[in-house]
Amino acid sequence: MPIYHKLGKIPHKRHTQFEKPNGGLYYEQLFGTIGFDGMSSLSYHVHRPTQVKEIGKAIDVSPKIAVEKNITSRKLIGFDVQPKDDFLEAHEPLLVNNDVHIGLAAPKKSITDYFYKNADADEMLFIHKGSGTLKTFLGNIPFEYGDYLIIPRGMIYQIEFDTEDNRILYAESFHPIYTPKRYRNWFGQLLEHSPYCERDYKLPQDLQTFDEKGEFLMKIKKQGMLHELVYASHPFDVIGWDGYNFPYGFSIHNFEPITGRVHQPPPVHQTFETSAFVICSFCPRLYDYHPKAIPAPYNHSNIDSDEVLYYVDGDFMSRTGIGPGYISLHPAGIPHGPHPGTYEASIGKKSTEELAVMIDTFKPLKITENALKIDDGKYYKSWLE
Ligand SMILES: [Fe+2]
């Protein structure tokens, strides 16, 4: 997160004595990434954040691969993923490789009786349905339809939903998720040509400090296992923090589309970047305005990247037979393009209401058993005339 933020009370000088009102010291924690070179925050805890009381069971939650090497274009019916009560159990990994796990979740219940931490991956949660509050040890972020929540690895969190009707697209990224470097100047500030700016971020707020001792269950995802650890103090016991490493939200509805006289390439839609994949937002926008423009995209061979499109809302102009919650996978190695009829039909159209999230990976994706269950099985033939 390339801006500085702080909440609560912090001492004037880092690494110095920070006294509690009734005696004793707060416990400082450096919460950093990439060794000591990446973004970091300094947090001040009522209790030591290291007090492990018990280590319980560990369960294997690694994705079950059905197709290791894929060349088939696929359409997944995302809303066929069945809702489940528990947030973590609801996660269904669909398309995965060593860099990222892409999946869907339809959790019904809030997390109330445990805390969660993903030790390996930054998480991107895209909220398709539902609203609520992401609660973390660095503060809370209210969320709603259309929000991206970026949760850097190691953040301890709970999620609170307002209703049971929730649909989430998620990406667990084993590389840090950043805003695209080309949108930022050398100080980190978002430039004028960036499709969004710092005002659009949803930063953590309402830091709550729980001074409680007892037994607090934390589920920690690491190396494909979900470990259960019991801590002796409440994980949300931070009295204050500052720094650059924290979760934040950004609404897809605040992404300002870049348009042109002729068809603009996918990078204009880029929203986030990692060293192994990009995340793009396709938002309602005006179409190309050259008198001979063809608004639908040309056929294209993303010869060395897999393309995952998650359809959120509106009518997706270059596809037929697509509904909200569907995922299309166009694998590296073969071209894809508009469906028959859509190329010609797009001519003369002035605007689109389409809303979609695209994830393009630089390494091929594997197909999980969960994905095959919601695969329509015939999409790869959908370009036949
Ligand atoms: Fe494409």
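Residues numbered from 1 in each chain as written. Predicted model: local features only at pLDDT ≥ 70, side-chain atom pairs only at ≥ 80, totals over all residues. Heavy atoms only, no water.

- An unreviewed UniProt entry annotates the protein as Homogentisate 1,2-dioxygenase originating from Flagellimonas hadalis.
- According to the UniProt record, the Cofactor (unreviewed entry) comment for the protein reads "Fe cation".
- Heading Sequence similarities (unreviewed entry) of the UniProt record for the protein holds this comment: "Belongs to the homogentisate dioxygenase family." (UniProt positions renumbered as here; feature names shortened; annotations may be inferred.)

**Considerations on the coordination of the iron ion**
Alright, step 1. Within the protein, H300 (NE2), E307 (OE) and H336 (NE2) serve as the donor atoms for the iron ion, at 1.9 to 2.2 Å.
Alright, step 2. In terms of primary sequence, the donors binding the iron ion are separated according to H-x6-E-x28-H.
Alright, step 3. Overall, H300 belongs to the partly exposed group, its relative accessible area being 23%. (Donors = N, O, S within 2.8 Å, 3.2 Å for Na, K, Ca; no water. Buried < 20%, exposed > 50% of the residue type's maximum accessible area, 1.4 Å probe, protein only.)

**Let's talk about the UniProt feature "binding site: homogentisate" (unreviewed entry) in the protein**
Alright, step 1. Under the local residue numbering, the UniProt record ascribes the feature "binding site: homogentisate" (unreviewed entry) to H336.
Alright, step 2. Structurally, H336 can be placed in the loop between strand 25 (326-330) and helix 1 (342-345).
Alright, step 3. Of the residues examined, H336 reaches a relative accessible area of 3% and is grouped as buried. (Helix = DSSP H or I, 4+ residues; strand = E, 2+ residues; numbered from the N terminus.)

**As for the environment of G240**
Alright, step 1. Mapping G240 onto the fold places it in strand 19 (residues 238-243).
Alright, step 2. Sequence separation between G240 and I10 is 230 residues, and the spatial gap between their C-alpha atoms is 5.3 Å.
Alright, step 3. The residues touching G240, leaving out its near neighbours within four places in the chain, are L7, G8, K9, I10, L42, S43, Y44 and L207. (Contact = heavy atoms within 4.5 Å.)

**Structural notes on the pairing of strand 25**
Alright, step 1. A large share of strand 25 lies buried, amounting to four of its five residues.
Alright, step 2. Both strand 6 (residues 74-77) and strand 25 contribute to a ladder of four bridges, which runs antiparallel. Each bridged residue has a counterpart across the sheet, and for I77 the counterpart in strand 25 is Y326.
Alright, step 3. Summarising the sheet, strand 24 (residues 306-313) and strand 25 pair through four bridges and their orientation is antiparallel. Counted as the bridge partner of L309 is S328 from strand 25. (Pairing = 2+ DSSP bridges.)

**Here's the deal with the sheet that holds strand 16 (residues 201-202)**
Alright, step 1. If you walk across this open sheet you meet the nine strands as 5-28-7-8-15-10-13-20-16, and the pairing is antiparallel. Because the sheet does not close on itself, it has two edges, and the strands there are strand 5 (65-67) and strand 16.
Alright, step 2. Inspection of the sheet shows strand 8 (residues 100-105) paired to strand 15 (residues 167-173) by six bridges, in the antiparallel sense. Bridge pairing in strand 15 places A105 opposite I168.

**Some thoughts on the packing of aromatic side chains**
Alright, step 1. In total, this model carries 20 aromatic pairs according to the counting rule given.
Alright, step 2. Relative to F137, the ring of F31 has its centre 5.4 Å away and its plane inclined at 70°; by these criteria the two rings are edge-to-face. Of the two residues, F31 is situated in strand 2 (residues 27-32) and F137 in the loop between strand 11 (132-136) and strand 12 (139-143); the sequence distance between them amounts to 106 residues. Residues F31 and F137 agree in their burial class; the two are buried. (Phe/Tyr/Trp six-rings, centres within 6.5 Å; stacked < 30°, edge-to-face > 60°.)

**Observations regarding the sheet that holds strand 4 (residues 52-60)**
Alright, step 1. Strand order in this open sheet of seven strands is 4-18-17-9-14-11-12, and the pairing throughout is mixed. Two strands in the sheet have a free side with no partner beyond their single neighbour: strand 4 and strand 12. When the angles between neighbouring strand axes are averaged without regard to direction, this sheet yields 25°.
Alright, step 2. Bridge count for strand 11 against strand 14 (residues 156-161) is five bridges, and the pairing is antiparallel. The residue bridging L134 from the neighbouring strand is I159, located in strand 14. (Axes fitted to C-alpha atoms, helices over the stretch in contact; angles between N-to-C directions.)

**Quick look at the pattern of salt bridges**
Alright, step 1. Summed over the entire model, instances satisfying the criterion amount to 16 salt bridges.
Alright, step 2. Here K202 makes a salt bridge to D147, at a shortest N to O gap of 2.8 Å. Pair noted here: K202 is in strand 16 and D147 is in strand 13 (residues 147-151), with a separation of 55 residues, a long-range link.
Alright, step 3. Classification of K202 by relative accessible area gives partly exposed; the value is 21%.
Alright, step 4. Given a relative accessible area of 0%, D147 falls into the buried group.
Alright, step 5. One salt bridge in this structure joins E354 and R285, with 2.9 Å as the shortest N-O distance. With E354 in the loop between strand 26 (351-352) and strand 27 (355-361) and R285 in strand 23 (residues 285-286), the pair connects residues that are 69 residues apart, well separated along the chain. Here E354 and R285 have matching classes, each one buried.
Alright, step 6. Taken together, the salt bridges that share partners define one network made up of K57, K219 and E228. (Salt bridge = Lys/Arg side-chain N within 4 Å of Asp/Glu carboxyl O.)

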